[in-house]
Every structure is written in structure tokens, then in C-alpha cells.
Amino acid sequence: MSSQRAAIGIDTGGTFTDLASFDRETATIQVAKVPSTPGDPAEAIKKLLVDRPGPPGRVIHGTTVATNALLERKGAKVALITTRGFRDTLEIGSTRRASPGLFNTKFIKPAPLVPRSCRFEVDERLMADGSVLRPLDEAGLARTAGQLRVLQPEVVAVCLLHSYANSRHEQRVRELVREQLGDCPVVISAEVVPEFREFERLCTTVINSYTLPRMSGYLNRLAGHVAACGGDGLYVMGSNGGIMTAATAAAFPVRTILSGPAGGVRGAAWVAEAAGVHDILTCDMGGTSTDVSLVRELAPDLVQDSMIAGLPLKLPQLDINTVGAGGGSIAWVDTDGSLRVGPQSAGAVPGPACYARGGQSVTVTDANFHLGRLGPRSLIGGALHLDRALATSALERLSVSAKYADVDRLAEGVIQLVVTNMVGALREISIQRGHDPREFTLLPFGGAGPLHAAEIAREMGIPRILVPRHPGNLSAIGLLGSDFRYDLVRTFLAELAAVDPARIRAAFEDLEQQGKMLLRADGFQDAAMRFEPAIDMRYQGQAFALSVPAQADDANAERLTQAFENLYVRRYGFRRSGHPVEIVVLRIAAIGQVQRHALAPVAAQSVQLEAALKERRPVYLDGNWHRDCPVYDRDRLGADATLRGPAIIEEFGSTTVVLPGWSAGVDRWGNLRMES
């Protein structure tokens, strides 16, 4: 994986599309930003590629195409083939109501992505160990294929019982269906989720099938744009924090559900490592939503199970909590007269009212602009001019609906509500999981993250904030510093104390060999590979497991039990000493290490702070107008520069608010370090 040309990262958000590239001559990051094109995200990327001087190297992309197809229910027409007797698994599920449905009396279960008329059964049966109880009825399958020809689905999904232990029946179904349907894609669960738990495995396979045509078509168009610009190929960020080839992403779009946010977490960890900060809470606030995560000892947490749009996902992905709170989040009045913000967003089109693109509703951006926290030319280096009259007019209309005459306090209320939403998301991943947020540093990014960081930190009791350079483009920057990654898994149900350690070592060795084959196909030499084994374990009788880091050549039962119980205590606060421990799943992360370029430190400047002063303007903070608030140009703040709030610091792509009583200083890497 070497190239003479530097890679570029491109992240598509709901409002803006961001680019980042590394300049080898100056050892600095170069950034660009354009409005997103929701109709076809590739158009905004094409503009960035065309406007960029010289051909790019590898293009690494963070995308929301699969996510949006699922959330908007604009995916493909899918036919499902499953084992006889399991046609209704999508409705039956696991018979438990997950949050938020548990205590919600108005909860409505999401409709299945595949209607019952498009679901078919085939007579066959495997046992949990992979042995054949009943062979595949190929004659019956031929009749089903005839029905599929009439139905004309865009994709056929195949999920047979226990196929994770033996995929031969699914492979044979794929062969026979392809003979009848020609070019119609056939997705088998054994390749999407080779792991037990039938309902979760089925849903993940269906989601992959549902998003496949839209994602593959999009990536094909985008790959054509990259080739036309002379690029070295297209790659995509995965939800697990690693990048993959465009071909892999096109075949497995379900692996990209958290593509963009994952790049941001990786970028945050990269920045924190250089700054000597090991424990961070990330807050990525864009135009549509905010993504938060917890990173301890520079290692983002991974989860093996998650939910999206009310549907379960059974894939490893970074533990990211998303809330509908962004710069474009719309303020509205509920039926009881209370003020609400989000989750609806004005997006890129029509955008906030102050964009003068037809938006009529008050958004968080309008509130910040009205209160002076944003200037008329604060966004994307002044390329987007904001209209104050339109923002104020929208606020006045909202004040009538809200029956609240003070427009300034109303705008501040909009900001306080969106901050409350983000604080709730951060509490969920920190306090509710036994972490003290006071031990962490808040690392805000995205276009609107630094704008609200101090208020978030104050609410959470976090005393330190680290605002990275180019925060509005950090998700794109994170793509440049991410490795290739494949997560390989094998179901391995056994009592830990009774299992032969040689079986565990042999299984890990087989998974490692699979990982080597995948990475070699991507161009990696063995010396550039790293493997991270883990074992999912639980106390006997429990339904869910914890993933415990392990050593592939060390399967000592006593040491593994101790590691599991230590993790169990950190997660739940107690242990069940002496209770049998079970192995559930063996995992290996196969990582192809990409060379990271060293960034140049920022030069200290002997000039006075006033040299970075852009203007002074009225800014409303903490219930008061500060009529002469200084506004600084971040690019002109050298290392060791310090200032005290109230102050505004502007840069291309983002704005940082320094509240009264807070201080801000620039470290040698150009990060803003804020303290209360």
C-alpha cells in the first residue's frame, strides 16, 4: 500500500462535504469544504476533486449513502429465502422490546424491510454444529426460483438456519438462484454475518441487501470520477474504524453504516495522541446530527451489536451515540406550547433561514448568528454569506408561536436545548456506563462542535477542552490516519474450563490466515500486518457476552477467566467468582497498517495578540450582551498564544466560543486548549 502521491480524505455530511489532504513539502494538512448535494453526493465530491490542483493519490471516503437509504426507506426491492418455518422471523424478532420501545406506550415497531409476500421458504435444516439434519430440497428451490422470476427483485437475500456453522446450503441456493435470475445479486448471510443469533443475523443480511444497489451504483459513479481525475483508487471508511476497498464496500454496504462518524473518532484519537491526551469524550456536531463517543487510553470502544432505525445490526462497529442535534436542527413549538429543537433538520437544502436559500424555520445556526456568535462571513472562510435580517425574521415568527417576546432569550433557549440534547448523549456513554466525565477531556469537532463545546463542558463538569486544528474537517482528516481493517469471527460455544486450549489456538490461527489472505489481496506485506484477537465470554446461563482482548497463543483458562471478570467488574461493578464462564465467539481484527505522516508543529509568534484580532462585535453570552467582544483569526494565533473569555475564535470551517471565565491557549501542535 504505497503511493508516491498523498492520500486525500473526503467525508460527506448532511450539510457540507469536507476534504483533507497532506502536503508533504510543508508537513501540513490542507482542507476544503463545499455544500453537500443530497440528490447525488458524488457531485459535491466531483467538484472537490476537480477544483483540487493536481491528481489525487488514494481517495478515502466517509459516506452516508447506505445509512440514508435505510433511514429514508429508499432501498432496493429485496426477496428473502430462509429455512422452512422461519419465514416470519423478521416480525417475531427476539420477542423483546428494545429501547426506546420498552416504556413507550406509543411505540410502533418498524415495518420489515422485506414484506411477507417477498419472503420464501426452502426445505432444509442444519444443526448448530453444522451437521446436516435435512438436505437441501433443490426441486422445491427450483419452484421458488420460478416465483422469483415473476417477482423480479433487485436483490435476493439468503439466510438459512445455522449457516454460520456450515455455509454449503446457502452457497448452493446462490448457485441455483443465479442460474434462474442471471445478474440479480444474491447475498448470503454466511458472508455477511458468520455468527450465531438468528434474528440479528437475518436483519443484518437484509439491511445489507436492501442498501446494496444504491451503494454499489454510487461507488461505481464515484470511482469513475476518481479515475477521471487520475486518482490511485477509491477506498471507504468502515463502521469499525478501518478502511476497505470500494469493491468490499459495494458488496457489504452494511459495514459502512457509521462510515463518516468513525472517521471523526479516528481523527480525534490521532489528535489526542499527538497532544499527549489519552482519555477523551468526542463531540462531532455537524449540520444534521451530533455523534459522541468515549475513547479511553486512545482506544475507541467497539460494540458487536447495535440498533439503527429500530433494526438490529450484528457487526463490529465503533461505539458511537448519535442524536439529532446539528447546526441545521429546526426549532419548533410542540402542541403543549413548549419549545423543541430537532431532530428535524433544514439540511443543505434549503438550509437555515440565514442562508437565503428559501429556508423559513429557525435553526441552531440562525440562533447563533442572531446572537453574534457567528459573523456574516464566519462559515467556510466567508464563502457563504449569512443574512441577519432573515435569521431575525424567522426568530420573530417563532416568538409569536412560542408566545415569548424576548427574541434574544428565545435564541439562547434554542442553543440551550440543543446543548441539553448533546449532554444527554454524552451522559449515556459516560456516566451511565460508570465513567466520570471529569476525568476526560472534551474534544469537539465538526462545523458546530467548538461553537457549543464550552457550554457542553460546563454542563458535564468537564474542566478541559481540546479543539483540534481544522475541526470542521476532522472526520476527513481521520480518514488519512486510518488503517485497513477486517473483523473475522467464529462462533465457538464451549465452557472455558473444559475446552482444549489447542482448539482455541487452532481456531485463532485459521482466522489469522484468513486475515492475511485478505490483506495480501489489498497489497499489504506481512510486515505491515497486525492481528488483535479477542474472545467473547459470559457467565454460564447469561444471554449476552463481553469481548475480552486475548493472545492468540495463550488460551490459559485461569488467565482468561481473570481477564473476563476484571472487565465484568469495570462494566457492572461486581463479579460472580466461581461461576462457570463460557466462550461464545472468537474474533480477530486483521489490520493493514498505513503509514501516517508526521505533522509539523506550529511556530510560536512573537507578535502581540492584537495582531490576530479581526474585529470586535456584540455577542450574547450567558444572558448578557458583551458589546465589545473580541473576534480572533485562529490561523494567526501562534503557539503559546493565550487569551481569556469572552472571545470568539474563527477559522475556515468552524468557530470556537470562549465563555466568560474560560481561558484558551494554543499548544505546539496548533490545538486550542481551553480550561474553566
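One structure accompanies this document, and this report is about it. (Residues numbered from 1 in each chain as written. Predicted model: local features only at pLDDT ≥ 70, side-chain atom pairs only at ≥ 80, totals over all residues. Heavy atoms only, no water.)

Once that is clear, we can look at the sheet that holds strand 30 (residues 624-633). Taken together, the four strands give an open sheet; going across it, the order is 29-30-32-33, and neighbouring strands pair in mixed fashion. Looking at strand neighbours, the two that pair on one side only are strand 29 (613-621) and strand 33 (654-658), the edges of this open sheet. Across the sheet, the axes of successive neighbouring strands diverge by a mean angle of 30°, strand direction being ignored. (Pairing = 2+ DSSP bridges. Helix = DSSP H or I, 4+ residues; strand = E, 2+ residues; numbered from the N terminus. Axes fitted to C-alpha atoms, helices over the stretch in contact; angles between N-to-C directions.)

This part is about the sheet that holds strand 6 (residues 119-122). One key point about sheets: their strands pair by backbone hydrogen bonds, in either a parallel or an antiparallel sense. Pairing is parallel in the open sheet, where four strands are placed in the order 6-5-9-10. Bordering the open sheet on either side are strand 6 and strand 10 (186-188), each of which pairs with just one other strand. Each strand axis lies, on average, 20° off the axis of its neighbour in the sheet, ignoring direction. Both strand 9 (residues 155-159) and strand 10 contribute to a ladder of three bridges, which runs parallel. Looking across to strand 10, one finds that V156 is bridged to V186.

Turning next to helix 12 (residues 407-429). If you check helix 12, its first and last C-alpha atoms are 34 Å apart, about what 23 residues at 1.5 Å a residue would give, namely 33 Å. Here helix 12 starts with a cap whose side-chain oxygen sits 3.1 Å from the backbone nitrogen of D408, and that cap is D406. (Expected span 1.5 Å × (residues − 1). Polar contact = N/O pair within 3.5 Å; in protein donor to acceptor, adjacent residues only side chain to side chain.)

The next thing to look at is the environment of L212. Looking at where L212 falls in the secondary structure, it is placed in helix 7 (residues 198-228). Through-space distance from the C-alpha of L212 to that of P261 is 20 Å; in sequence the pair is 49 residues apart.

One can find E455 in helix 13 (residues 449-460). Reaching out from E455, the side chain makes a polar contact with the side chain of R373 at a distance of 3.3 Å. In this structure, E455 is in contact with R373, I415, V419 and L659, ignoring residues within four places of it in sequence. (Contact = heavy atoms within 4.5 Å.)

With respect to the helices and strands, the residue T37 is situated in the loop between strand 3 (28-35) and helix 1 (41-51). Between the alpha carbons of T37 and V400 there is a distance of 33 Å; along the sequence they are 363 residues apart. Beyond its immediate chain neighbours, meaning those up to four positions away, T37 contacts E43 and A44. A polar contact of 2.7 Å, which involves the side chain of T37, links it to the backbone oxygen of D40.

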